[in-house]
Amino acid sequence: MNKIIEKEYFSEAVVKLVLEAPAIARNRRAGHFVIVRTGDKGERIPLTIAGANLERGTITLVIQKVGVTSTKLCDLEVGDLVTDVVGPLGKPTHIEKVGTVLASGGGVGVAPLLPIVEALKEAGNRVITVLAARKRELIILEEQMREHSDEVIIMTDDGSYGKKGLVTQGMEEVILREKVDLAVTVGPAVMMKFCSLLTGKYGISTVASLNTLMVDGTGMCGACRVTVGGKTKFVCVDGPEFDAHQVDFDEMMLRLNSYKLSETEAYENFLNSNPKP
Amino acid sequence: MDGVSEYLKQERDQEWRLALRGNMKNKERTQLERVSMREQAADKRNKNFTEVNLGLLKEQAMLEAQRCLDCVNPTCITGCPVGINIPKFIKKIEAGEFLESAKVLKETNTLPAVCGRVCPQEVQCEEACFYTQKLKKPPVAIGFLERFSADYEQNSGEMSVPDIHDKNGIKVASIGSGPAGLAFAADMVKLGYDVTVFEALHEIGGVLKYGIPEFRLPNRIVDLEIDVLKKMGVKFEKNFIVGATASVEDLKAEGFKAFMVGSGAGLPNFMNIPGENYIGIYSSNEYLTRVNLMNAADPAYDTPVISGNKVAVIGGGNTAMDAVRTSKRLGAERSIIIYRRSIQEMPARVEEIKHAQEEDIEFMNLHNPLEYFADENGRVCKMKVQKMKLGEPDSSGRRRPIPIEGSEFIIEVDTVVVSVGVSPNPLIPQSMKELEVSSWGTIKVDPESMHSSVEGVFAGGDIVRGGATVILAMGDGRKAAEAMNRYLTQ
Ligand SMILES: Cc1cc2nc3c(=O)[nH]c(=O)nc-3n(C[C@H](O)[C@H](O)[C@H](O)COP(=O)(O)OP(=O)(O)OC[C@H]3O[C@@H](n4cnc5c(N)ncnc54)[C@H](O)[C@@H]3O)c2cc1C
Ligand code: SF4
Ligand code: FES
């Protein structure tokens, strides 16, 4: 049981939670995630650790309401207990000074991108970050990103903030302008796919952090499997970061939809049985 | 005469045993027929998750206990990996002292209610029984009787808590809460150690909880046994992955003096054939975890599972039987076992195969999958299988399956469960670089002491054996406890 000690709404659908988890805070590094379960009948879901505070013994999670489980978690308040939190899981990001890094984040993918950007900057890289969302209200963590990046470019689909256009347009602008040594991308699978196609075109090595479905998060079940370079890999133990150009994103997107029907149905039932006051 | 046989003889010579032996002639005893287990009817049980075996009635158990000859040389014990004093516990049943009988079991077995249900007695104690060996008759139903006594105790509400030595305050840890870790913890706490069991999942019990289904081993039974361990003073830390949440070094700094790694054979194997990552294709671990640990079949729980009308389970072990019988219970019209050898070579327990057959499970023996096909949404809809024939025996002594060219055909499926074995969980070896592992990834230990290549770190169960049984894991845990005690007191 882990107590929530801080809660903040980044937008209507995106919530930041700070939880007590001293052991995880001590051992986590950029790229690590946790598995969280809410309630005795809850499901286990992976969430990337967006930050940690050693003195307070806390970790920060950023959650987007997309289904039953994420909504249950987002509905918890300060002082409430999260039933189960386990981690830190996965391999940490490989941090090295390479020169110029082009980081791209979409949706809640921006949250896990933050510690990676932080670490890459600290290692002495020049970091240019492209943040993308549908509209202005969905751009999160902009200030923190600015703090740790040399430059931040904002892209919105509807042009309500920053530049109008897709994340890849923002990235291409940078690539055409200067030499990029490494790209890092975190976000929805489809976004990472197109980022990867773009950087592939320019021969820029690229790391993607994959957010597959998971159950145990310790390599026991294979729910998280993806094809990388023609081989099956388990995201929870072999990843979550992989060479983006080797990842079969189409397969990953299909697998992410495994339970789409039953999930949508469950979510509607949940909303109907828990009417908002 | 060695210590053990000396002890067994002394026990056998006790008056109550002599008296029982005098009650009935051996000839009468051997005339009795072996009991049969009461079971739920097959066409009913394949639609529910309650236990298939219903246990013996008191009268049945006492009658079966009479069959046991209380042999001078009880060969049955040599077949038991933890050396239960079998005639003694059986004779306590014959005497009607059921709680005493359960105590005998607990002298050497921490989880008798579990073992009475899932141990392969037919290749262990019952195989070594005088009836099997010399009389060529069905053996004494040792497994059923073990379950009877253990259940009697659980239901009596008077679970005995074994005696504990004076506490010595020395902290030791078990990494993993499967049978190896639990058996280890029980022995160490009895010796007075301060024992903590670390478990990665949110439930205690390892495969007993996430793998073996309710209809064979109800979680309630496992929990009752774990409660006894808690009463004995064992501490449990769930959601704690040693090597991630904290390292062995961190735990040493917190005062832990020695470790027993019982982290199991977690990693599921796939066949690496085309289409294996389509939606609806699971490892047996995932399928069973969703249903057993996460309760996916109950709509009140959030975890989903896809379990369709035409389910194929690939493999021939206990896990495959558990998965295929689960699929039937989730409503499948066709549940098929696809196994590349014949039914004789199947590693599953005889009882599981028999139960599966009764439950309307189809067996496609001598068939092997080659490829899966999916619909436009990436959901598996068909598979290609090939017929096999048996050739010469291979290194395992079983006849090698050989593909029959041109025999391929297609079957329609909407769910597939791949149950072709597991590999050792790599978390601990990865986090302890100095730990020696075999080329399979199992931890190397001294077979006598279960001591690994790292000072003060012992290991046992599936992480050492690479996929074995509950009772062998428990035996390892006990051996490790004994050796660790010696190591710490030297
Ligand atoms: C479906 C199924 C059916 C089976 N049926 C039978 C049967 O009928 N009879 C029989 O005898 N055997 C059966 N077996 C085999 C038997 O269950 C195993 O041999 C036995 O459970 C092994 O015990 P263990 O203690 O080594 O490991 P496990 O039971 O695998 O337990 C290991 C535990 O350690 C935890 N862990 C791993 N790494 C860490 C870490 N770093 N930190 C903390 N915790 C960790 C895991 O989460 C797990 O809970 C079956 C197995 C399966 C999968
Ligand atoms: S070998 Fe069989 S008959 Fe003899 S003591 Fe053991 S269980 Fe009884
Ligand atoms: S989540 Fe189960 S193996 Fe990765």
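Residues numbered from 1 in each chain as written. Chains lettered and ligands numbered in written order. Predicted model: local features only at pLDDT ≥ 70, side-chain atom pairs only at ≥ 80, totals over all residues. Heavy atoms only, no water.

Q: I keep staring at the overall build of chain A and nothing clicks. Help me out?
A: Scanning chain A for helices and strands turns up nine helices and 16 strands. Computed over its C-alpha atoms, the radius of gyration of chain A comes to 18 Å, within 12% of the 19 Å expected for a compact globule of 277 residues. Taking the principal axes of the C-alpha coordinates as reference, chain A spans close to 50 × 40 × 40 Å. Expressed as a percentage of the 277 residues in chain A, the buried residues total 54%. Carbon together with sulfur atoms contributes 51% to the accessible area of chain A, which is approximately 11800 Å² in total. (Helix = DSSP H or I, 4+ residues; strand = E, 2+ residues; numbered from the N terminus. Rg over C-alpha atoms; globule rule 2.2 N^0.38 Å. Buried < 20%, exposed > 50% of the residue type's maximum accessible area, 1.4 Å probe, protein only. Areas by Shrake-Rupley, 256 points an atom, 1.4 Å probe, with all protein chains shown as cover.)

Q: For this particular structure, what's the right way to read the site of ligand 1?
A: Residue and element names in this part refer to chain B. Taken together, 34 residues lie around ligand 1, and Val118, Ala180, Glu199, Arg216 and Asp462 are the ones closest in. At 2.6 Å from an oxygen atom of ligand 1 is found a side-chain nitrogen or oxygen belonging to Glu199. Protein chains shield 95% of the accessible area of ligand 1, which is 1000 Å² for the free molecule. When contributions to the shell around ligand 1 are tallied by element, the ones reaching two or more residues are helix H13 (179-190), helix H18 (318-329) and helix H22 (470-489). Of the residues in the shell around ligand 1, the class split is 17 nonpolar, 13 polar and four charged. (Near = heavy atom within 4 Å. Polar contact = N/O pair within 3.5 Å; in protein donor to acceptor, adjacent residues only side chain to side chain. Nonpolar A, V, L, I, M, F, W, Y, C, P; charged D, E, K, R; others polar.)

Q: For this particular structure, what's the right way to read the interface of chain B and chain A?
A: One frequently used descriptor of interface size is the decrease in accessible area upon assembly of the parts. Each partner contributes residues to the interface: chain B has 40 residues there, and chain A has 37 residues. The largest share of the area that chain B buries against chain A comes from Asn239, Asn277 and Asp302 of chain B, three residues that together contribute 21% of it. Counting across the interface, chain B meets chain A through one salt bridge. A salt bridge links Asp302 of chain B to Lys72 of chain A, with the nearest nitrogen and oxygen atoms 2.7 Å apart. Taken together, the connections running from chain B to chain A amount to 19 residue pairs in polar contact (both at pLDDT 80 or more). (Contact = heavy atoms within 4.5 Å. Buried area = accessible area lost by both parts, 1.4 Å probe. Salt bridge = Lys/Arg side-chain N within 4 Å of Asp/Glu carboxyl O.)

Q: When you look at the sheet that holds strand S2 (residues 14-20) of chain A in this model, what are you seeing that I'm missing?
A: The strands that make up a sheet are held in pairs by hydrogen bonds between backbone atoms, and each pair lies either parallel or antiparallel. All names here are of chain A. On the basis of which strands lie adjacent, the open sheet formed by seven strands has the order S6-S1-S2-S5-S4-S3-S7 and antiparallel pairing. Each edge of the sheet is formed by a strand with only one pairing partner; in this case those strands are strand S6 (81-82) and strand S7 (84-89). Where strand S1 (residues 2-11) lies against S2, six bridges are found, and the strand directions are antiparallel. Bridge pairing in S2 links Glu8 to Lys16. Where helix H3 (residues 110-122) meets the sheet, its contacts fall on strand S4 (44-53) and strand S5 (58-64), and the angle it forms with S4 comes to roughly 40°. (Pairing = 2+ DSSP bridges. Axes fitted to C-alpha atoms, helices over the stretch in contact; angles between N-to-C directions.)

Q: What am I meant to see in helix H5 (residues 167-177) of chain A here?
A: In an α-helix, one full turn covers 3.6 residues, which means residues spaced three or four apart are oriented alike. Listed as buried for H5 of chain A are Val167, Thr168, Gly170, Met171, Val174 and Ile175 of chain A. What you see down the axis of H5 of chain A is that its buried residues fit within an arc of 160°, all on one side. (Arc of directions from axis to C-beta.)

Q: How should the packing of helix H5 (residues 58-67) of chain B against helix H7 (residues 86-94) of chain B be read in this particular structure?
A: Residue and element names in this part refer to chain B. Contact geometry for H5 and H7: axes closest at 8 Å, N-to-C directions at 130°. Comparing the axis directions of H5 and H7 gives the class oblique. Along this stretch, H5 crosses H7, giving a crossing that reads as left-handed. Contacts from Ala61, Met62, Ala65 and Gln66 of H5 reach H7 at Ile90, Lys91, Ile93 and Glu94. The residue inventory of the contact of H5 with H7, partitioned by class, reads five nonpolar, one polar and two charged. (Parallel < 35°, antiparallel > 145°, perpendicular 65-115°, else oblique. Left-handed = near helix turned anticlockwise from the far one by under 90°.)

Q: Quick question: what am I supposed to make of the environment of Pro429 of chain B here?
A: Residues and elements named next belong to chain B. Examined against the element boundaries, Pro429 turns out to sit in helix H20 (residues 427-431). Judged by its relative accessible area of 16%, Pro429 is buried. Remark: the alpha-carbon pair of Pro429 and Val72, spanning 357 residues in sequence, is separated by 46 Å. With residues up to four places along the chain from it excluded, the contact list for Pro429 reads Leu435, Val437, Gly441 and Ile443.

Q: Got a minute to help me understand the nonpolar core in this structure?
A: Generally speaking, nonpolar side chains in soluble globular proteins are found buried as a group. Counting 74 residues, the largest nonpolar core has Ile86, Phe89, Ile90, Phe184 and Val195 of chain B as its most contacted members. Discounting chain neighbours no more than four positions away, the residues touching Ile90 of chain B are Ala65, Cys68, Val140, Ile142 and Leu145 of chain B. (Core = buried A, V, L, I, M, F, W, Y, C linked by side-chain atoms within 4.5 Å.)

Q: Looking at this structure, I do not really get a nonpolar patch on the surface. What am I missing?
A: A grouping of Val190, Phe194 and Leu197 of chain A is seen on the molecular surface, where their side chains present a nonpolar patch of about 280 Å² in accessible area. Tracing the backbone through its elements, the reader meets Leu197 of chain A in helix H6 (residues 189-201). (Patch = residues over 30% accessible without salt bridge, like charges linked within 9 Å, V, L, I, M, F, W, Y side chains within 5 Å.)

Q: Looking at this model, I keep getting lost on the side chain of Arg12 of chain B. Mind explaining?
A: All names here are of chain B. With respect to the element layout, Arg12 can be found in helix H1 (residues 3-12). The class of Arg12 is buried, set by a relative accessible area of 16%. Separated by 2.8 Å, the side chain of Arg12 and the backbone oxygen of Asp70 make a polar contact.

Q: I tried to follow the packing of aromatic side chains on my own but got confused; where do I start?
A: Residue and element names in this part refer to chain B. Tallying each qualifying case throughout the model produces 10 aromatic pairs over all chains. Seen in terms of ring centroids, Phe198 and Phe240 are 4.5 Å apart; in terms of plane orientation they differ by 45°. Their pairing is tilted. In this pair, Phe198 is assigned in strand S4 (residues 194-198) and Phe240 in the loop between strand S5 (235-237) and helix H16 (248-253), connecting sequence segments 42 residues apart. Summarising the burial analysis for this pair, Phe198 and Phe240 share the class buried. Between Phe458 and Tyr487 the ring centres are 5.8 Å apart and the planes differ by 75°, which places this aromatic pair in the edge-to-face class. Residue Phe458 is found in strand S18 (residues 457-459), and its partner Tyr487 is found in helix H22; the two are separated by 29 residues along the sequence. Assessed through its relative accessible area of 0%, Phe458 is described here as buried. Grouping aromatic residues by their ring pairs yields a cluster made of Phe198, Phe240, Phe256 and Phe259. Positioned above the aromatic ring of Trp16 is the side chain of Lys92, whose terminal nitrogen or guanidinium carbon lies 4.0 Å from the ring centre. In this structure, Arg329 packs its charged tip against the face of Phe215, placed 3.8 Å from the ring centre. (Phe/Tyr/Trp six-rings, centres within 6.5 Å; stacked < 30°, edge-to-face > 60°. Lys NZ or Arg CZ within 6 Å of the ring centre and 35° of its normal.)

Q: Got a minute to help me understand the sheet that holds strand S16 (residues 241-243) of chain A in this structure?
A: Residues and elements named next belong to chain A. The seven strands are arranged S11-S10-S9-S8-S12-S13-S16 in an open sheet whose pairing can be described as mixed. Two strands bound the open sheet, and with one partner strand each, they are strand S11 (163-164) and S16. Relative to strand S9 (residues 126-133), strand S8 (residues 100-106) runs parallel, the two being bridged by seven bridges. Of the residues in S9, the one forming a bridge with Thr100 is Arg126. Lying over the sheet, H3 contacts S8, S9, strand S12 (182-186) and S16, oriented at roughly 165° with respect to S8.

Q: How should I be thinking about a negative patch on the surface in this particular structure?
A: Residues and elements named next belong to chain A. Together, Glu118, Glu122, Glu143 and Glu147 give the surface a local cluster of negative charge. The set of elements that each furnish at least two residues to the negative patch consists of H3 and helix H4 (142-148). Here Glu118 lies in helix H3. The partly exposed category is assigned to Glu118, whose relative accessible area is 30%. (Lys, Arg positive; Asp, Glu negative; His and termini not counted. Charge placed at Lys NZ, Arg CZ, Asp CG, Glu CD.)

Q: Is there a simple way to think about the pairing of strand S13 (residues 380-393) of chain B in this case?
A: All names here are of chain B. One ladder, built from seven bridges, connects strand S12 (residues 367-374) with S13; its direction is antiparallel. In the strand pairing of S13, Ala374 is matched with Val380. Connecting S12 to the next strand, S13, in antiparallel fashion are five residues, including Gly378 with a positive phi near 80°. Relative to strand S15 (residues 409-412), S13 runs antiparallel, the two being bridged by four bridges. In the strand pairing of S15, Met383 is matched with Ile411. Pairing analysis gives four bridges linking S13 to strand S14 (residues 399-403), with the strands arranged antiparallel. Bridge assignment links Pro393 to a residue of S14, and that residue is Arg399. Where S13 hands over to S14, the hairpin turn is made up of five residues, of which Gly397 adopts a positive phi near 85°.

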